[in-house]
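Here's the letter readout for the chains.
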Amino acid sequence: MGEQLTGLVIRTQSGFFTVDTLQGPIVCQLRGRLKEEYQETDLVAIGDRVTVERLETGADTVGGVIVAVAERERVLSRVAPRSAVGTSKEREQVIIANPDQAIFVFAAAQPGPHLRMLDRFLVAAEKAAIPAIRICVNKIDLVPDLAATRALFAEYERIGYPVLYVSAKTGVGIAALHDVLVGKISVFTGPSGVGKTSLLNAIEPDLGRRVSAVSTATTKGRHTTRYSEMVPLADGGYVADTPGIRAISPWDVEPHELDGYYIEIAPLVADCKFPDCTHTHEPGCAVRAAVERGAVSAERYDSYLRLREMLEEEYVY
Ligand code: GDP
Ligand code: ZN
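Structure report, in brief. Computed from a predicted structure; not experimentally measured.

What counts, and at which threshold
- Sequence order as written defines residue numbering, which begins from 1 separately in each chain.
- As they are written, the chains are lettered A onward and the ligands numbered 1 onward, keeping that order.
- Only residues with pLDDT of at least 70 get local features here, since the model is predicted, and only at 80 or more are side-chain atom pairs given and counted; chain-wide, interface and lining totals rely on the full set of residues.
- Side-chain measures were taken over the full set of non-hydrogen atoms in the model, leaving aside hydrogen atoms and water.
- Nearness of a residue to a molecule or strand requires only that one of the residue's heavy atoms be within 4 Å of it.
- Within 3.5 Å is the distance limit for a polar contact, defined as a pair of N or O atoms, with the added protein rule that one can donate a hydrogen and the other accept it, and that residues adjacent in sequence qualify only through two side-chain atoms.
- To qualify as a helix, a DSSP run of H or I must reach at least 4 residues; to qualify as a strand, a run of E must reach at least 2; elements of each kind are numbered from the N terminus.
- Each residue is assigned to one of three groups, with Ala, Val, Leu, Ile, Met, Phe, Trp, Tyr, Cys and Pro labelled nonpolar, Asp, Glu, Lys and Arg labelled charged, and all others, Gly among them, labelled polar.
- Strand pairing requires that DSSP identify at least two bridges connecting the strands.
- Residues count as neighbours in contact if any of their non-hydrogen atoms are within 4.5 Å of one another.
- Axis lines are fitted to C-alpha atoms, over the contacting stretch for helices. Their N-to-C directions set the angle, which ranges from 0 to 180 degrees.

Let us look at the site of ligand 1. Near ligand 1 lie 15 residues; those nearest to it are Asp141, Gly193, Lys196, Thr197 and Ser198. Taking Val194, its main chain carries an N or O atom lying 3.4 Å from an oxygen atom of ligand 1. Take the shell around ligand 1: its biggest share by element is 3 residues, from helix H6 (residues 196-203). When grouped by side-chain class, the residues that make up the shell around ligand 1 number 4 nonpolar, 7 polar and 4 charged.

Take the sheet that holds strand E10 (residues 163-165) next. Read from one edge to the other, the open sheet built from 6 strands follows the order E10-E9-E8-E11-E14-E13, with strand pairing classed as mixed. Looking at the sheet topology across the chains shown, the edges are occupied by E10 and strand E13 (231-232). Pairing geometry for strand E8 (residues 101-107) and strand E9 (residues 132-138), over 7 bridges, is parallel. Along E9, the bridge assignment pairs Phe106 with Val137. Against the sheet, helix H4 (residues 146-159) makes contact with E9 and E10, and its axis sits at roughly 165 degrees relative to E10, the strand it touches most. Running over the sheet, helix H5 (residues 174-181) touches E8, E9, E10, strand E11 (185-189) and strand E14 (238-240) and is turned about 155 degrees from E8.

Put into structure tokens, the structure is as follows:
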């Protein structure tokens, strides 16, 4: 039996897994026995901690076998479309296991911030119970009046999401962003064109290019080739932004659980008169009362209503 060691899965591609270990990265396959039974989720994904048994082969081929996967603390996942798995059962596709934090990047301008998209990202991150969730506002060099941009995001700061104001162009805030990334497994995502690649390149030469190369490879790849990767930072930690992450949206949230993922609404729900209150029209609704007295912003409440409506439409089929 070969030597056993533990490591972190940093890349997956069509049944091959790159595991970062104390001996460096090792390309592995799954032990047969692990693969046999039907799984409702991906057995191994980026971010998983695994035990590897080394094989006595050259370093350029498969160097090990994954013999065990540690229990996941959390996952960012989505439900695979039924047609894609050829079964009536829903199956979970793991985008990343055990993320420490999510950083959602938007631009102050060009393109201007899309707050409803931000809210959808936040709901998906809350559902996954990602412990640290931050917002990064780039391109602040483009706005003559930063106060107006800050006002737009002030509500997010108030409810508990830290907001970083940065510019990849001038370098403002880049050191702070670097400090936030170091030592953590970060989901770093946002719409295209907001400057994610530029920000990562400003943090470390080539980092953005390497991360966006993953994204491009996955977009162009055939559906059957599932490829994902998280890129290491020189100072420790990993950054991931696969299209899978960009597509995270709360479509597998049931309408009645949505209120739990708007963090300023969640604690109010217990005070609604009816336990199944939808916060749309019911008498004695603590959420609507909070909106009226300004404790919940009208924008976020409106966002909740619209998303709830979309989720309800999704559920009628
Ligand atoms: P991504 O699609 O999110 O990776 O965005 P890119 O990094 O490719 O940037 C998109 C465009 O925005 C490019 O033309 C960049 O030069 C520009 N850009 C990125 N960061 C900044 C910034 O801080 N200020 C300004 N003015 N432009 C930026
Ligand atoms: Zn209510």
